[in-house]
Amino acid sequence: MKKTILLAGAVSMMVLASCGGGKKADNTADKKDAPVEEETKADPKLTAEGPYEKLIPATNESPAYVLIEKPTVNLDDFSKDKDGYYVIFDGTSFNGWRGYNKDEVPARWTIDNGAMKFNGSGIGEAQEEDGGDLIFAYKFKNFELAFDWKVAKASNSGVFYMAQEIKGEPIWISCPEYQILDNENHEDAKAGENGNRQSASLYDMIPAKPQNAKPFDEWNTGTIIVSKGTVFHKQNGETVLEYHLWTPKWKELIANSKFKPGGDYPLAYELMTKLGGPKREGYIGFQDHSDDVWFKNIRIKVLD
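It should be emphasised that the depicted structure is a prediction, and the values quoted were computed from it without experimental measurement.

Undergrad: Can you explain the pattern of salt bridges? Please cite residues and give values.
TA: Using the criterion set out here, one finds 11 salt bridges in the structure. For Lys 167, the salt bridge identified is with Glu 53, shortest N-O distance 3.4 Å. Taken together, the residues Lys 167 in the loop between β12 (156-163) and β13 (177-181) and Glu 53 in strand β4 (residues 52-56) connect sequence positions 114 residues apart. Exposure remark for Lys 167: the relative accessible area of 46% places this residue in the partly exposed category. Exposure remark for Glu 53: the relative accessible area of 28% places this residue in the partly exposed category. With a shortest N-O distance of 2.8 Å, Asp 81 and Arg 299 are connected by a salt bridge. Residue Asp 81 is located in the loop between β5 (65-69) and β6 (86-89), and its partner Arg 299 is located in strand β18 (residues 293-302); the two are separated by 218 residues in the primary sequence.

Undergrad: Now, about the pairing of strand β9 (residues 115-118): what can you tell me, with residues and values included?
TA: As a general feature of sheets, a regular strand has side chains that alternate between the two faces. Burial along β9 is two-sided: Ala 115 and Lys 117 and Met 116 and Phe 118, pointing in opposite directions, are all buried. Where strand β8 (residues 109-112) meets β9, four bridges bridge the pair, whose relative direction is antiparallel. For Asp 112, the partnering residue across the bridge sits in β9 and is Ala 115. Following β8, the chain reverses through two residues before pairing antiparallel with β9; Asn 113 in that reversal takes a positive phi of roughly 50°. The pairing of β9 with β18 spans three bridges and is classified as antiparallel. What sits directly across from Phe 118, in β18, is Val 293.

Undergrad: Give me the side chain of Ser 201: which residues, what numbers.
TA: Within the secondary structure layout, Ser 201 lies in the loop between β13 and β14 (220-227). Residues in contact with Ser 201, not counting those within four places in the same chain, are Glu 177, Tyr 178, Gln 179, Gly 195, Asn 196, Ile 206, Pro 207, Ala 208, His 233 and Leu 241.

Undergrad: Explain the sheet that holds strand β17 (residues 282-286) to me, using residue names and the numbers behind them.
TA: Backbone hydrogen bonds are what pair the strands of a sheet, in a parallel or an antiparallel way. Strand order in this open sheet of five strands is β7-β10-β17-β12-β13, and the pairing throughout is antiparallel. Strand pairing shows two members of the sheet lacking a second neighbour, β7 (97-99) and β13, which therefore form its edges. Neighbour-to-neighbour, the strand axes of the sheet open up by a mean angle of 25°, direction not taken into account. Note that β7 and strand β10 (residues 134-140) share three bridges and pair antiparallel. From the neighbouring strand, Gly 99 faces β10, where its bridge partner is Leu 134.

Undergrad: Which residues make up helix α2 (residues 248-255), and what values go with them?
TA: All of the buried residues in α2 are Trp 250, Leu 253 and Ile 254. On an axial view of α2, the arc spanned by its buried residues comes to 95°, and they lie on one face. On its buried face, α2 sits against β16 (238-244) and α3 (266-273).

Undergrad: Before we move on, can you summarise unusual backbone geometry with the specific residues and values?
TA: Cis geometry marks the peptide bond from Lys 209 to Pro 210; its omega dihedral reads 0°. Of note, the phi angle at Met 162 is positive, near 60°, even though the residue is not glycine. Examined against the element boundaries, Met 162 turns out to sit in strand β12. You can call Met 162 buried: its relative accessible area is 0%. Here Asn 194, not a glycine, exhibits a phi torsion of approximately 55°, which is positive.

Undergrad: Explain the packing of aromatic side chains to me, using residue names and the numbers behind them.
TA: Each aromatic ring pair is described using two quantities: the centre-to-centre distance and the angle formed by the ring planes. Summed over all chains, the structure comprises 16 aromatic pairs. Relative to Tyr 178, the ring of Phe 147 lies with its centre 5.4 Å away and its plane at 80°, an arrangement referred to as edge-to-face. Note that Phe 147 is positioned in strand β11 (residues 143-151) and Tyr 178 in strand β13, a separation of 31 residues in sequence. Both residues of the pair, Phe 147 and Tyr 178, count as buried. Taken together, Phe 78, Trp 97, Phe 136, Tyr 138, Phe 140, Phe 143, Phe 147, Tyr 178, Phe 286 and Phe 295 form an aromatic cluster joined through their ring pairs. It is Lys 150 that lies over the ring of Trp 294; its NZ or CZ is 5.0 Å from the centre.

Calculation criteria
Sequence order as written defines the numbering, with residues in each chain counted from 1. Residues qualify for local features only when their pLDDT is at least 70, as the model is predicted, and side-chain atom pairs are given and counted only at 80 or more; totals for whole chains, interfaces and linings, by contrast, use all residues. Values shown for side chains rest on all heavy atoms present in the structure; no hydrogens or waters enter the calculation. A carboxyl oxygen of Asp or Glu within 4 Å of a side-chain nitrogen of Lys or Arg is what we treat as a salt bridge. Helix numbering and strand numbering both begin at the N terminus, where a helix is a DSSP run of H or I of at least 4 residues and a strand a DSSP run of E of at least 2. Relative accessibility thresholds used throughout: buried, under 20% of the residue-type maximum; exposed, over 50%; partly exposed, between the two (1.4 Å probe, protein chains only). Here, any two strands with at least 2 DSSP bridges between them count as paired. Whether two residues touch is decided by their heavy atoms; if any such pair falls within 4.5 Å, the residues are in contact. Helix axes are fitted to C-alpha atoms over the stretch in contact, other axes to C-alpha atoms as well, and angles between N-to-C directions run from 0 to 180 degrees. By definition, the arc is the one covered by directions from the helix axis to the C-beta atoms. Each Phe, Tyr or Trp ring, with Trp reduced to its six-membered ring, pairs with another whose centre is within 6.5 Å; inter-plane angles below 30 degrees give stacked pairs, above 60 give edge-to-face pairs, and intermediate values give tilted ones. As a reminder, the over-ring test applies to NZ of lysine and CZ of arginine, requiring each to be within 6 Å of the ring centre and within 35 degrees of the ring normal.

And the structure:
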């Protein structure tokens, strides 16, 4: 397949910033035009991978799309806890985070009593200009992600993993989602099949069983493990589902979901069946579904 690569001759340094309350976090850097190599020397937290855009031509099964690559953080600049997890959100700053398809943290993401909070506007997935999904600027391959979460009444959100950044497309077009939901009060809990849109489910594919989520306004624990293609979701200390990436069964799951080939989201089928691209790695992300949601104690362990 012929691929066309569009290279930017001069690029702007990525800004990893907190925009909550209109104030920038301490890690904010002024934008300046410079070659990527010079940016890397100026800020050791950035690698030399990107930014660039790669045009992926259309096929018989999916439309063309543009893959975006931007500089990533150096994971070793983040401290480890006693269990060997990198602490990628310490409750005080958005160091290492930015908006999906953006250079800054959207203003609707704020820090609230040691948790990152999305302040919803109540308009669903439409996303206000000052909103948007949040990603950690590093691509993970084999990992164990641990986090705590809670939602307001009737709130909906999600945790994305193995995500790619696709120009002009939503994050969920390219990756699985660990569902975050108020099961008792949000209508999505009754949609899908067999509860596969309830909390901790692989959204629209596999239901979380047992369903042990706590009510709204109470903290839950979540874990996502990806290890050589095997994936586990855990909720409140229990393993609630397991599946295997890049297998015939994985393609079958996608084909039987809202992301089926020939459906409303043909690009999703293309990207999910080839999840993570050639390197089989991707971003961690948190969803703006326009509802109030909180995340804290976000830690990740890199697995062999």
